[in-house]
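# Architecture and fold: a report
What follows is each chain in one-letter form.
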Amino acid sequence: MFFSRDLSIFNVMEPIVSNIFEDNYVKTGILKCDCQKCQLDIILLALNHVPPHYTSSQAGEAYIKALYMEPQLQSDVLRELTKAAQIIEENPNH
Ligand SMILES: [Zn+2]
């Protein structure tokens, strides 16, 4: 078994979830605690509940932006981020 990173497999949901989180939670200042730890925990929790969308890292910015603009994807991600934010707010990891 050879686990090579040469394939450049990349889950586009990582930047998409972070961006949606940034725009809807960080910039709006609605988080109870907005420290780096809580922010990361919310993103990780949401990512674990959103189906991954894999692509090659050469896919390019345009492809990611097109996905990001999909209303269905945005609402799925927002729903998971809302749940994750509630859970982390109630049980912050610090
Ligand atoms: Zn915190």
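Residues numbered from 1 in each chain as written. Predicted model: local features only at pLDDT ≥ 70, side-chain atom pairs only at ≥ 80, totals over all residues. Heavy atoms only, no water.

## What about the packing of aromatic side chains?
By the definition in use, this model includes one aromatic pair. Geometrically, the ring pair formed by F21 and Y25 is stacked, given 5.6 Å between the ring centres and 20° between the ring planes. Note that F21 and Y25 are positioned in helix α1 (residues 13-26) at a spacing of four residues, about one turn of the helix. Owing to a relative accessible area of 1%, F21 belongs among the buried residues under this scheme. We classify Y25 as buried; its relative accessible area is 8%. (Phe/Tyr/Trp six-rings, centres within 6.5 Å; stacked < 30°, edge-to-face > 60°. Helix = DSSP H or I, 4+ residues; strand = E, 2+ residues; numbered from the N terminus. Buried < 20%, exposed > 50% of the residue type's maximum accessible area, 1.4 Å probe, protein only.)

## Brief notes about the packing of α1 against helix α2 (residues 36-47)
Their axes nearest at 10 Å, the elements α1 and α2 cross at an angle of 130°. The angle between the axes of α1 and α2 places the two elements in the oblique class. Considering only the axes of α1 and α2, their crossing is right-handed. Of α2, the residues touching α1 (which contributes M13, E14, V17, S18, F21 and V26) are Q39, I42, I43, A46 and L47. Classifying every residue of the contact of α1 with α2 gives eight nonpolar, two polar and one charged. (Axes fitted to C-alpha atoms, helices over the stretch in contact; angles between N-to-C directions. Parallel < 35°, antiparallel > 145°, perpendicular 65-115°, else oblique. Left-handed = near helix turned anticlockwise from the far one by under 90°. Contact = heavy atoms within 4.5 Å. Nonpolar A, V, L, I, M, F, W, Y, C, P; charged D, E, K, R; others polar.)

Just distances and angles here, no functional claims.
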